[in-house]
Amino acid sequence: MLNHKLSVEDDENMANVVLHSPSDEWHNRSREDDEGLEQDTWSFVKVQGKQFIVDGNPFYFNGFNTYWLMVFATDQSTRGKVSQLFQEASNAGLSVCRTWAFNDGQWRALQKSPSVYDEQVFKGLDFVVSEARKYRLRLILSMVNNWDDYGGKAQYVKWGKEAGLNLTSNDDFFSHKTIKSFYKAHVHTLLNRVNSITNITYKDDPTIFAWELMNEPRCESNPSGDKLQSWIEEMAGYVKRIDPKHLLEIGLEGFFGPSTPNRLQFNPNTHSQQDGTDFIRNHQVLGIDFASVHLYPDSWLSSSTTDAHINFTKSWMQSHIEDAENYLKMPVVFSEFGVSTKHPGYTISYHDTVVNTVYNIILNSTSRGGSGGGCLLWQLFPEGTEYMDDGYAIVLSKFPSTSSIISLHSTRLNTFNSLCSWSCKRKDKLLQNDEL
């Protein structure tokens, strides 16, 4: 893997940026470097206007998804893969990881039945949080799935039926009082969990970047969006009452809905406006701190790879950044994006073009202190876990060109964060994309 370093001569205009190699101390972070990390030196990420900030300075980030970390950390024979992944991610300058804080009623379930937990699995999640802290990685923890994988809303509805409730749809998850109480109980347990390794309560741990209400919520039985909107309002308030310190996001894919008919043109297809979500309306809920968007043109448009996918990527991202800035007044995170090796016409060149396109749009936003707060690649794997690959896995050592792109983008953002505090109202010349 080719690492890069940006050496900066911070003159009056903060514009002399020179590319060097090999890696510097940022790329050589190890768990030993942070063994003595004290809680008061690891601050919470906050939102100030349309930007993420840490200690008053901007925090634009490059990150990744790896959903299965808790399950691997539960078993001593696979726990080392979590450390290996975090080491590789840290070396590449990645700073945020999104993963699941749920596994409901499945193999190695965290929650075996409502409010009944497997302590060994919870200790696996404790390890993930503790290990992320050692490698100076922050976590976005999702609390339930819309899909059946790892249980999801279908499992909650199944539990309700087993308790004798009259439920007719998995979307009853969003409206039935008892099912909502099941979810709230999980949220309460999770946020108040005391880490068995660090002895820090989750709601007090700045290692956690944000909580996510649900992975890719949809409520297709109610296209108006009223049912999901009500659920978001209720659950956002509930989370914030327990934990006002952490940021909160919904987990949406970003489809525009009935509240913004003029934006429907940016959706990938007509079906996406019928799934009960509404990007603008949903993110205006009190307690939601930043917007989330996913990006899968090869799934949403067609399975073949064409220039239309690149054009869609650009318009999809730019429209959401514009809306985050002009209407929502908050940061937006492209919390899943990727290209599947299983789709017809896939080439590594096309894959890298998509990744570069996403990164360049983020950099353009960064260069003007915009709402494009960061992006999370779906998904990063360590060597030896390829059998889990859904087609999107990136093993850095086996994708050298992609690895270089990732490392360079990370370095650019990290350098930018260190150079410029947008909130200080400096009038110096802003770094432009080509100067990065």
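Keep in mind that this is a model prediction, so the values were computed, not measured.

Visitor: Before we go on, may I ask you to explain the pattern of salt bridges in this structure?
Guide: A side chain of one charge can pair with a side chain of the opposite charge if their charged atoms are brought near each other. Inspection of the entire model under this criterion finds 20 salt bridges. When the shortest N-O distance is used, the salt bridge between Glu 234 and Lys 184 registers 2.7 Å. With Glu 234 in helix H6 (residues 226-242) and Lys 184 in helix H5 (residues 177-191), the pair connects residues that are 50 residues apart, well separated along the chain. For the salt bridge of Glu 220 with Arg 218, the shortest nitrogen-to-oxygen distance reads 3.8 Å. You can call Glu 220 partly exposed: its relative accessible area is 41%. Owing to a relative accessible area of 14%, Arg 218 belongs among the buried residues under this scheme. It is possible to trace a salt-bridge network through shared partners that takes in Arg 218, Glu 220, Glu 253 and Asp 275.

Visitor: What am I meant to see in the environment of Ala 101 here?
Guide: Relative to the assigned elements, Ala 101 resides in the loop between strand E7 (96-100) and strand E8 (111-113). Classification of Ala 101 as buried rests on a relative accessible area of 0%. A C-alpha to C-alpha distance of 9.4 Å links Ala 101 and Trp 211, two positions 110 residues apart in sequence. With sequence-adjacent residues up to four places away left out, Ala 101 is seen in contact with Leu 110, Leu 125, Leu 141, Ser 142, His 186 and Leu 190.

Visitor: Quick question: what am I supposed to make of the confidence of the model for the chain here?
Guide: If pLDDT is low for a region, its predicted coordinates should not be looked at in detail. Overall, the predicted model of the chain reaches an average pLDDT of 89, with 86% of residues at or above 70. Summarising per-element confidence for the chain, the mean pLDDT is lowest in strand E1 (residues 5-9) (28) and highest in strand E10 (residues 138-142) (99). Overall, residues 1-40 carries pLDDT values under 50, and its contacts beyond four positions in sequence, including any with other chains, amount to 95 contacts. Confidence drops under a pLDDT of 50 for residues 422-435, and excluding neighbours within four residues, the segment shows 35 contacts in the predicted structure.

Visitor: Where do I start with the environment of Gly 93 in this structure?
Guide: Positionally, Gly 93 belongs in the loop between helix H2 (76-91) and E7. C-alpha separation for the pair Gly 93 and Asn 62, spaced 31 residues apart in sequence, amounts to 7.7 Å.

Visitor: Which parts of the structure should I look at to understand the nonpolar core?
Guide: A general tendency of soluble globular proteins is for nonpolar side chains to be buried together. Ranked by internal contacts, the top residues of the largest apolar core, which has 110 residues, are Phe 86, Phe 173, Tyr 183, Trp 211, Leu 213 and Trp 231. With residues near it in sequence (within four places) discarded, Phe 173 still touches Val 144, Lys 153, Tyr 156, Val 157, Ile 179, Lys 180, Tyr 183, Met 214 and Trp 231.

Visitor: For this particular structure, what's the right way to read the sheet that holds strand E3 (residues 46-48)?
Guide: The sheet built from three strands is open, its strands ordered E3-E4-E5 with antiparallel pairing. What marks the edges here is a single partner per strand, and that holds for E3 and strand E5 (57-58). By the bridge criterion, three bridges tie E3 to strand E4 (residues 51-54) in an arrangement that is antiparallel. Residue pairing for E4: Gln 48 is matched across the bridge by Gln 51.

Visitor: Even after reading the chapter, I still don't get the packing of aromatic side chains, so can you show me in this structure?
Guide: Aromatic ring pairs are reported here in terms of the distance separating the ring centres and the angle at which the planes meet. With the rule as written, the count across this model stands at 34 aromatic pairs. Considering the side-chain rings of Phe 61 and Phe 209, the 5.3 Å spacing of their centres and the 70° angle between planes classify their relative orientation as edge-to-face. Taken together, the positions of Phe 61 in strand E6 (residues 61-65) and Phe 209 in strand E11 (residues 208-212) put the pair 148 residues apart, joining distant regions of the chain. The pair Phe 61 / Phe 209 is uniform in exposure class, with both members buried. Taken together, Phe 255, Phe 256, Phe 266, Phe 279, Tyr 296, Trp 300, Phe 312, Trp 316 and Tyr 392 form an aromatic cluster joined through their ring pairs. Seen from the ring of Phe 59, Arg 138 lies directly overhead, with NZ or CZ sitting 5.8 Å from the centre. Here the basic side chain of Arg 193 rests over the ring of Phe 122, its NZ or CZ set 4.3 Å away from the ring centre.

What counts as what
Residues numbered from 1 in each chain as written. Predicted model: local features only at pLDDT ≥ 70, side-chain atom pairs only at ≥ 80, totals over all residues. Heavy atoms only, no water. Salt bridge = Lys/Arg side-chain N within 4 Å of Asp/Glu carboxyl O. Helix = DSSP H or I, 4+ residues; strand = E, 2+ residues; numbered from the N terminus. Buried < 20%, exposed > 50% of the residue type's maximum accessible area, 1.4 Å probe, protein only. Contact = heavy atoms within 4.5 Å. pLDDT = per-residue confidence, 0-100. Core = buried A, V, L, I, M, F, W, Y, C linked by side-chain atoms within 4.5 Å. Pairing = 2+ DSSP bridges. Phe/Tyr/Trp six-rings, centres within 6.5 Å; stacked < 30°, edge-to-face > 60°. Lys NZ or Arg CZ within 6 Å of the ring centre and 35° of its normal.

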